[in-house]
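# Survey of secondary and tertiary structure
Spelled out from the first residue to the last, the chains are:
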Amino acid sequence: MTVVTFGELLLRLSPPGEERLLQSPVLHTCFGGAEANVAVALRHLGVPSSYITRLPESPLGDAALDALRREAVSVDRVLRGGSRLGLYFVEPGADLRAMRVVYDRVGSAFSQITPADVDWPAALAGARWLHGTGITPALGDGPATALRDGFAAARERGVTVSLDLNYREALWRGRDPCPLIEPLARQANVLIGNRDAVRAMLGIDANGAELADRFGCRAVATPSREILGPREHAWSAVLYDSRARAVVRSHRHVVQVVDRVGGGDSFTAGLIAALLAEQSPQDAVEFAAAAGALKLGQAGDFGRSTAADVSRLVFEGQHSKE
């Protein structure tokens, strides 16, 4: 049941504690990126995953590849080339100060990928699922076309396709994402995104049922994050299942946040794992929401919760209602 994900792997740099960027000479590093985060989280949930990206032939590229191998993600289809690895800086929020993200990824190895670089029939051999995000089309014509070709190849082969809208304002500034994102949404069996992302990426204000009817999706998941305080968030989700014509809601988890990055990606991994296991819509949204909530208590981009960890939180949430 291998899941293939496609996107850019980045090196993340963050100041210690709640300091501002470059307030001190210390920056903590880790690797991350939406699609890589999904691949890693899936492996910890017990689902085999394969990640496709392009990394430079450099010590940073080697270190990025080693980080994926340590998480047991298949890297057989990782391409090498280009001159630099994309970077991003995360300044954690504190009190009234919001979290800040600064990208340094122009000219990265992945942004220069071409559609001919990816052998999609070979990459999808034996795969059950292909996952992509709305971040990739923002990175250039090559990544956008490669993702579009991957979705088309997956649909031709009966491989389930999921698209996380994942709106990043800094990557789309001055450009309308709709012409690139709408065709991808029409290829997706599973669409993921909160209401703000739907408005920004698809130019519409619609609920899950409306999105499923409009784009022909099997399921639409809408995660929700409520900011209750500087370090306290509430996490929940709604799932619309077109086969059952049902709208189901998860338990609302209140979380003391260690690192807010990657919660949505762990939610996506949980949803994919649950749907591959043919869980009911209610069980699937509970499992996905719990996976996302657990990630907020873990440092770094990668979520490392096991299926047992997630199931335990689902159980606790269900019994807290009684």
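Summarised in this report is the structure supplied together with it. As the structure is a prediction and not an experimental result, all values here were calculated from the model.

A few words now on empty space enclosed by the protein. Scanning the model with the defined rule gives one cavity of 30 Å³ or more in all. Of the pockets and cavities examined, the largest cavity occupies roughly 40 Å³. If you go around the largest cavity, the residues you meet are Ala 41, Leu 45, Ser 266, Ala 291, Lys 295, Gly 303, Arg 304 and Ser 305. Each residue belonging to the lining of the largest cavity can be placed in one class, and the counts come to three nonpolar, three polar and two charged.

Positionally, Gln 256 belongs in strand S15 (residues 253-256). Between the alpha carbons of Gln 256 and Arg 80 there is a distance of 39 Å; along the sequence they are 176 residues apart. In this view, Gln 256 contacts Arg 231, Glu 232, Leu 296 and Gly 297; residues no more than four positions away in its chain are not counted. At a separation of 2.8 Å, a polar atom in the side chain of Gln 256 contacts the side chain of Glu 232.

This brings us to the environment of Ala 291. Assignment of secondary structure puts Ala 291 in helix H10 (residues 281-295). On the basis of relative accessibility, which here comes to 5%, the residue Ala 291 falls in the buried class. Along the primary structure Ala 291 and Gly 81 are separated by 210 residues, whereas in three dimensions their C-alpha atoms are 34 Å apart. In this structure Ala 291 touches Ser 266, Gly 270 and Val 310, once residues within four positions along its chain are discounted.

Turning next to the layout of surface pockets. Of the voids in this model, the largest pocket is the one considered here, and its volume is about 1,200 Å³. Met 99, Asn 166, Tyr 167, Arg 168 and Arg 225 are the residues nearest the centre of the largest pocket, which is lined by 41 residues in total. Taken together, the elements giving at least two residues each to the lining of the largest pocket come down to helix H1 (34-44), strand S8 (100-104), helix H5 (169-172), helix H7 (195-202), strand S12 (219-229) and helix H9 (263-276). At four residues, H9 tops the list of elements feeding residues into the lining of the largest pocket. Split by residue class, the lining of the largest pocket holds 16 nonpolar, twelve polar and 13 charged.

What follows covers helix H8 (residues 208-215). Within H8, burial applies to Gly 208, Leu 211, Ala 212 and Phe 215. In a view along the axis of H8, the buried residues occupy a sector of 100°, so they form one face of it. Looking at the packing, one finds that the buried side of H8 touches helix H6 (178-187), strand S11 (190-192), H7, S12 and strand S13 (232-241). In this structure Asn 207 caps H8, since a side-chain oxygen of it lies 3.2 Å from the backbone nitrogen of Ala 209. Within two residues after H8, Gly 216 carries a phi angle of roughly 70°, on the positive side.

The N-to-C vectors of H1 and H9 enclose an angle of 50°; their axes lie 8 Å apart at closest approach. Viewed along their axes, H1 and H9 adopt a mutual orientation that is oblique. The crossing of H1 and H9 is right-handed. Counted together, Ala 34, Asn 37, Val 38, Ala 41 and Leu 42 of H1 and Asp 265, Ser 266, Thr 268, Ala 269, Ile 272 and Ala 273 of H9 form the full contact between these two elements. Split by residue class, the contact of H1 with H9 holds seven nonpolar, three polar and one charged.

With respect to burial, strand S10 (residues 160-164) is a largely interior element, five of its five residues being buried. Burial along S10 is two-sided: the residues Thr 160, Ser 162 and Asp 164 and Val 161 and Leu 163 are all buried. As defined by bridge partners, strand S9 (residues 127-133) adjoins S10 across five bridges and the pair is classed as parallel. Bridge assignment links Leu 130 to a residue of S10, and that residue is Val 161. For the crossover from S9 across helix H4 (residues 141-156) to S10, the handedness is right-handed. Here S10 pairs with S11 via three bridges, running parallel.

It is worth spelling out the pattern of salt bridges at this point. Enumeration according to the criterion identifies 19 salt bridges in this entry. As a salt-bridge pair, Asp 259 and Arg 12 come within 2.8 Å of each other at their nearest N and O atoms. In this pair, Asp 259 sits in the loop between S15 and H9 while Arg 12 sits in strand S2 (residues 10-14), placing the two residues 247 residues apart along the sequence. According to the relative accessible area criterion, Asp 259 is buried, its value standing at 10%.

Glancing now at the environment of Tyr 167. Along the chain, Tyr 167 turns up in the loop between S10 and H5. Sequence separation of Tyr 167 and Gly 203 is 36 residues, and the distance between their C-alpha atoms is 12 Å. Sequence-distant contacts of Tyr 167, that is, excluding residues within four places in its chain, are made with Trp 172, Ala 197, Ala 200 and Met 201.

Thresholds, definitions, all that
- Residues numbered from 1 in each chain as written.
- Predicted model: local features only at pLDDT ≥ 70, side-chain atom pairs only at ≥ 80, totals over all residues.
- Heavy atoms only, no water.
- 1 Å grid on protein atoms, 1.4 Å probe; cavity = no way out; pocket = protein on both sides within 12 Å on 5 of 7 lines; lining within 4 Å.
- Points joined across faces, edges and corners; volume = space filled by probe spheres on them.
- Nonpolar A, V, L, I, M, F, W, Y, C, P; charged D, E, K, R; others polar.
- Helix = DSSP H or I, 4+ residues; strand = E, 2+ residues; numbered from the N terminus.
- Contact = heavy atoms within 4.5 Å.
- Polar contact = N/O pair within 3.5 Å; in protein donor to acceptor, adjacent residues only side chain to side chain.
- Buried < 20%, exposed > 50% of the residue type's maximum accessible area, 1.4 Å probe, protein only.
- Arc of directions from axis to C-beta.
- Axes fitted to C-alpha atoms, helices over the stretch in contact; angles between N-to-C directions.
- Parallel < 35°, antiparallel > 145°, perpendicular 65-115°, else oblique.
- Left-handed = near helix turned anticlockwise from the far one by under 90°.
- Pairing = 2+ DSSP bridges.
- Right-handed = clockwise from strand over helix to strand, strands pointing away.
- Salt bridge = Lys/Arg side-chain N within 4 Å of Asp/Glu carboxyl O.

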